[in-house]
Amino acid sequence: MIPERLLNWVVFAGLLAVPLWAIVADEPFTITLVTRAVILAIAAVGLNIALGIGGLVSLGHAVFFGLGGYAMGILAYHAQTYTSLDLFGLSLAGTKSMPIIWLVAVVVSALAAWVIGLLSLRTSGVYFIMITLAFGQMFYYFAISWSTYGGEDGLSIYVRNGFPGLNTLVPIQFFGLCFALLCIVLFLNARLQNAPFGLALNAARQVPTRVETVGLNPMRLKLVAFVISGAITGLAGALFADLNRFVSPTMFNWQLSGELIVLIIIGGVGRLYGPVVGACLFVALEHWLGALTEFWHVYLGLILLVIVLFARGGIIGLLTGKEGAHV
Amino acid sequence: MSTLLIIEQVLNGLQFGVMLFLMAAGLTLIFGVMGLINLAHGSLYMIGAFAAAAVAGATGSFVLALAAALAVAAIAGALIEITVIRRLYGKAHLDQVLATFALILIFSEGTRWLFGSFPLFLNIPDYLSGPVALPGGIQYPLYRLTLIAVGLLVGLGLWALIERTRIGIQIRAGENDREMIAALGVDIRLLYTLVFAIGAALAGLAGALVGAIQSVQVGMGEPVLILAFVVIVIGGIGSIKGAFIGALLVGLTDTLGGIFLPELFKLFMEPGAATQTGSALASMAIYILMSLVLIWRPTGLFGARA
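Notes on the structure follow. Predicted model only: the values in this text are computed from it and were never measured. (Residues numbered from 1 in each chain as written. Chains lettered and ligands numbered in written order. Predicted model: local features only at pLDDT ≥ 70, side-chain atom pairs only at ≥ 80, totals over all residues.)

1. Digging into the overall build of chain B
Of regular secondary structure, chain B possesses 11 helices and 2 strands. Listing each helix as α and each strand as β along chain B from the N terminus yields α-α-α-α-β-β-α-α-α-α-α-α-α. The C-alpha radius of gyration computed for chain B amounts to 20 Å, which stays within 12% of the reference 19 Å derived for 306 residues, consistent with globular compactness. When each of the 306 residues of chain B is scored for burial, the buried share is 50%. Contacts in chain B between residues far apart in sequence, at least 24 positions, make up 74% of those at least 6 positions apart. (Helix = DSSP H or I, 4+ residues; strand = E, 2+ residues; numbered from the N terminus. Rg over C-alpha atoms; globule rule 2.2 N^0.38 Å. Buried ≥ 20, exposed ≤ 12 C-beta atoms within 10 Å, placed from the backbone. Contact = placed C-beta atoms within 7 Å.)

2. Comments concerning helix α11 (residues 271-296) of chain B
Residue B:Ala285 marks the point of greatest curvature in α11(B), where the axis turns by about 45 degrees. Those residues of α11(B) that are buried are in contact with α4 (98-120) and α5 (125-145) of chain A together with α9 (221-235) and α10 (240-266) of chain B. (Bend = angle between axes of the 7 residues up to and from the residue.)

3. Notes on helix α1 (residues 4-24) of chain A
Residues and elements named next belong to chain A. For α1, spanning 21 residues, the distance from its first C-alpha to its last is 30 Å, which sits close to the expected 30 Å at 1.5 Å a residue. Taken residue by residue, α1 has Glu 4, Asn 8, Leu 15, Pro 19 and Ala 22 as its buried positions. Looking at the residues trailing α1, positive phi occurs at Asp 26, about 55 degrees. (Expected span 1.5 Å × (residues − 1).)

4. Quick notes on the interface of chain A and chain B
Listed per partner, the contact involves 37 residues of chain A and 37 residues of chain B. Secondary structure elements with two or more residues in the side of chain A that touches chain B: α5, α10 (254-267) and α12 (296-310) of chain A. Broken down by element, the residue count for the side of chain A that touches chain B peaks at 14 residues, all from α5(A). Of the residues assigned to the side of chain A that touches chain B, the class counts are 27 nonpolar, 9 polar and 1 charged. (Nonpolar A, V, L, I, M, F, W, Y, C, P; charged D, E, K, R; others polar.)

5. Description of the environment of A:Pro196
Within the element layout of this structure, A:Pro196 appears in helix α7 (residues 196-206). The spatial distance from the C-alpha of A:Pro196 to the C-alpha of A:Arg122 is 24 Å, given a sequence separation of 74 residues.

6. Some thoughts on the pairing of strand β2 (residues 138-141) of chain B
Residues and elements named next belong to chain B. Across 4 bridges, the pairing between strand β1 (residues 131-134) and β2 is antiparallel. Following the sheet pairing, Val 132 is matched in β2 by Tyr 140. The antiparallel pairing of β1 with β2 creates a hairpin that spans 3 residues between the two strands, and Gly 136 there sits at a positive phi of about 95 degrees. (Pairing = 2+ DSSP bridges.)

7. Comments concerning the packing of helix α1 (residues 3-34) of chain B against helix α5 (residues 142-164) of chain B
Residues and elements named next belong to chain B. Axis separation between α1 and α5 bottoms out at 9 Å; the angle between their running directions is 35 degrees. Relative to α5, the crossing made by α1 is left-handed. For the pair α1 and α5, the contacting residues are Leu 11, Leu 14, Gln 15, Val 18, Met 19, Phe 21, Leu 22 and Ala 25 in the first and Arg 144, Leu 147, Ile 148, Gly 151, Leu 152, Val 154, Gly 155 and Leu 158 in the second. Among the residues making up the contact of α1 with α5, the classes are represented as 12 nonpolar, 3 polar and 1 charged. (Axes fitted to C-alpha atoms, helices over the stretch in contact; angles between N-to-C directions. Left-handed = near helix turned anticlockwise from the far one by under 90°.)

8. Quick look at the nonpolar core
In this structure, A:Ile42, A:Ala134, B:Ala52 and B:Val230 are the most contacted members of the largest nonpolar core, which totals 209 residues. Broken down by element, the residue count for this core peaks at 17 residues, all from helix α2 (residues 28-53) of chain A. Setting aside residues up to four positions removed in sequence, A:Ile42 forms contacts with A:Leu181, A:Leu182, A:Val185, A:Ile232, A:Leu235, A:Ala236 and A:Leu239. (Core = buried A, V, L, I, M, F, W, Y, C linked by C-beta atoms within 7 Å.)

9. Some words on the packing of helix α2 (residues 41-59) of chain B against helix α4 (residues 93-115) of chain B
Residue and element names in this part refer to chain B. In the contact formed by α2 and α4, the axes pass within 9 Å of each other and the chain directions differ by 20 degrees. With respect to α4, the element α2 is oriented roughly parallel. Every pair of crossing elements has a handedness; the one defined by α2 and α4 is left-handed. Note on element contacts: α4 touches α2 through Leu 103, Ile 104, Phe 107, Ser 108, Thr 111 and Phe 115, opposite Gly 42, Ser 43, Met 46, Ile 47 and Phe 50. Its residues placed into classes, the contact of α2 with α4 shows 7 nonpolar, 4 polar and no charged. (Parallel < 35°, antiparallel > 145°, perpendicular 65-115°, else oblique.)

10. Notes on unusual backbone geometry
One non-glycine residue, A:Asp26, adopts positive backbone phi at about 55 degrees. Inspection of the secondary structure puts A:Asp26 in the loop between α1 and α2.

11. Here's the deal with the environment of B:Thr255
All names here are of chain B. Structurally, the position occupied by Thr 255 is in helix α10. The class for Thr 255 is buried, based on 21 C-beta atoms found within 10 Å. Once the C-alpha coordinates of Thr 255 and Leu 11 are considered, the two residues, 244 residues apart in sequence, prove to be 9.5 Å apart. Sequence-distant contacts of Thr 255, defined by excluding residues within four places in its chain, comprise Gln 9, Asn 12, Gly 13 and Phe 16.

Next comes the structure, spelled out in structure tokens:
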């Protein structure tokens, strides 16, 4: 059995080593693949804050992923067509600068998470799952019917957005950027888990009544967690759109919400590196099984079924020999 | 806006509503009795539609096709209950969501593997096609009228089954106290399989009936599944009556919203912008309805417990 801390370092080193190897071997596609895994990992780390620590089974996190994507798409679209973005009587210019796009993506998704959270957290359990799923579908249909920004066809952005001092069109530089963000997000997550807020949230998941009796408001703790979680997933959405240079309503698709949960479960719920391991494995499976058979989702489904029924701790649980994620 | 158009749209909304009810009734029954959230219910809808399309293609009989949809969906439901679902009772909702999500992946890709990616077509039989004249001079498609009738009849049958038969008493008892009913000598495992198969058969029937007016394709079940979730959130989870009222509300809101919201906005906006805003808002109308119900009653209109 491997200690979890060692396993985390191995994963971390592997994520850095594979793209570096790909430069030497001159395989730019591998770098893109790892970048994809890193971005999905950021989204899943975001979801893991709500799901793993807060116990909020959100089946609508694609909303924030999509909002981040559209924040990037709309800003870059106005910049590339030299048109202004008219919002509430204000006339704003588009932008191709990543930091501004990220900020907008985070703020917009956080706001959406606040509204959706306020409504959905009135309920719990199965209701919460169904309601988040329904809100996801609402955004999906809204994006389809919103013809100003491409409707069902989506928006193509011709040149990847820029970051000061970097050439983001070089795969390894864009990878570096995403990897740095993943590190920041993981660091924040680790700090949050052990901060008073994280501990209170953990308690609110396990025994809400007791948390309430000591004078904390479980509903508010969960709402804050949901907002932080949505904001991080929104950031990942902006990066994902930049990776593909394309946004479409499929980013809002409920299947994506399901897959984000799947990433966490494959890796291990509530563990810091669970989403990272899950995302790497998911992208690897998609790449290899997808090359072998057109119907690779069948195998993904079977693997998932086996993990849910027999290996509750996910891959990290299997490797470290500890089933429970929470110490 | 003529009265005729309004009546026609109300009928369309009713038709959509009763079909949603067939889906939602199974979901809410399964949740009420077994406490299980079943994402794969949409797959059973799809399986029903594919079974009907295959049998109709082979035999040409619509009645046989419907029978096949019912039978195949019920058998598929019983099979997954025995192999997978049975292990999920009493587990965390997260596990149920994931396992049934896995079932969706398996069923969708499996169906694509069997039938290919192209949609199949299920034709309305001759004796049900064409319009029928209603009082007031309305011409309305006979098939859609039949769907409304079938939906209402199935609803009535379900009510009779649950309120008036021995099995219904056992189902209701199972909802309240599963240990007690098991102690009284009822085979609770068999009862659960039966309830799941009934829910599956209803979903399969809905799939086959709707498949004749839309195309039969992989992934057809999930949008309906999510609408059925909206229905039972509005109606209250576990309540068949709630599912019925909720389904009609959602069906009518969706259909009427799509027609009347753009018209409404045309009263005070220019036509182009009005159509755009109206149809965008119409696509969100049922979710807004759901939010309003939630603010008013977090457990739904007829929900007893959270």
